[in-house]
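What follows is the residue order along each chain.
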Amino acid sequence: MADNNHSYFQHPYSVLTGILGLEQKYYWMAFPLGAIYVIALFGNDVIISTIKSESSLHIPMYYVLYMLTLADMGLVLCTFPSMLGIFWFNFKSIAFDICLVQMYFIHTFSATESGMLVAMAFDWVVAIWNPLRYGTILTNGVVWRTGAVILTRAVCVVFPVPFLIKRLPFYCSNILSHSFCLHQDVMRLACASTWVNILYGLIAVIFTKGSDSLSILLSYVFILQTVMVIASGEGRLKALNTCVSHICAVLIFYVPVIGVSVIHRFGKHLSPLTHALMANAYLLVPPVLNPIVYTVKTKEIRKKIIQIFVQTKITAEG
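Residues numbered from 1 in each chain as written. Predicted model: local features only at pLDDT ≥ 70, side-chain atom pairs only at ≥ 80, totals over all residues. Heavy atoms only, no water.

Brief notes about the packing of helix H4 (residues 96–129) against helix H11 (residues 244–266)
Think of two packed helices as two axes; the pair is described by the angle between the axes and how far apart they sit. As a packed pair, H4 and H11 sit with axes 11 Å apart at the nearest point and diverge in direction by 155°. Relative to H11, the element H4 lies roughly antiparallel. By crossing handedness, the relation of H4 to H11 is classed as left-handed. Along the contact surface, H4 presents Ser-110, Glu-113, Ser-114, Leu-117, Met-120, Ala-121 and Trp-124, while H11 presents His-246, Ala-249, Val-250, Phe-253 and Tyr-254. Taken together, the residues that form the contact of H4 with H11 break down as 8 nonpolar, 3 polar and 1 charged. (Axes fitted to C-alpha atoms, helices over the stretch in contact; angles between N-to-C directions. Helix = DSSP H or I, 4+ residues; strand = E, 2+ residues; numbered from the N terminus. Parallel < 35°, antiparallel > 145°, perpendicular 65-115°, else oblique. Left-handed = near helix turned anticlockwise from the far one by under 90°. Contact = heavy atoms within 4.5 Å. Nonpolar A, V, L, I, M, F, W, Y, C, P; charged D, E, K, R; others polar.)

Structure below.
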């Protein structure tokens, strides 16, 4: 009878965890963490505003970067309140339904970013394989429709996840391992079989990040084959150099994703600090480093940042 009553009980709140063992240093850790968020927000905002204001950047490649940046901003805004709430105000409780909403948006924006990296790879394939027809194959309309398809895919694939979690009983524990809600982390607290969640999660990952990573790999195999046909070494180097920023973005996104997946699956013996650092890297590294990579490679974005700093200095002196 007691077990039957348990099935109707749900913890109304979940308890988020910062970094175990460093609780006494949370207040001081909040300052560098806040700086990281400011850098991410500022960098991505500069890219968005530059692409919107510079007519020379109103081309397919930068429209895809615009959508990738929006996904990065979404990840930052999803995690910013809960992480700073823990490290600055020691506020760890989060309503279970709010936790599910945060989980949904984190995984949706992550799947969207993965799809945008595929769109970027296809952009480079067309640019290198058939540059003369680039403008007719990849029009602005095609790019925006592609972005809509990628977003729709992410929304639809992740949509069942909160409902699959909601059906499970959670009367054992309500203490999560991270500063935000991830599917794997919430699922492990369930007091019932989670094979349906595990199976659907695996299918969702294969359909999004699995197929995306394979598509990116095949794109670069095709790019390398195309580049090797170019006679001069200088021409080959110039063609490959145009892909450097995208390669960096792919590594920045997929290395933390793979790291988190491996640790969740095989890293049970590792310290909580390792789990926390990898989970934070999974969400914070792409939004912080992507703007830096594209600022270095894009003259217009560099000029925009210089202009902002000059205006700030003039305002401060005035």
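Topic: the packing of aromatic side chains
As enumerated under the stated definition, the model contains 10 aromatic pairs in all. Pairing Trp-129 with Phe-222 gives two aromatic rings, centres 6.3 Å apart and planes at 70°, and the pair type is edge-to-face. With Trp-129 in helix H4 and Phe-222 in helix H9 (residues 195–228), the pair connects residues that are 93 residues apart, well separated along the chain. Accessibility expressed as a relative area gives 47% for Trp-129, which makes it partly exposed. Relative to Phe-163, the ring of Phe-159 has its centre 5.2 Å away and its plane inclined at 50°; by these criteria the two rings are tilted. Judged by relative accessible area, Phe-163 falls into the exposed class, the value being 52%. Members of the aromatic cluster, joined through ring pairs, are Tyr-63, Tyr-66 and Trp-144. (Phe/Tyr/Trp six-rings, centres within 6.5 Å; stacked < 30°, edge-to-face > 60°. Buried < 20%, exposed > 50% of the residue type's maximum accessible area, 1.4 Å probe, protein only.)

The values are spatial; any link to function lies outside them.
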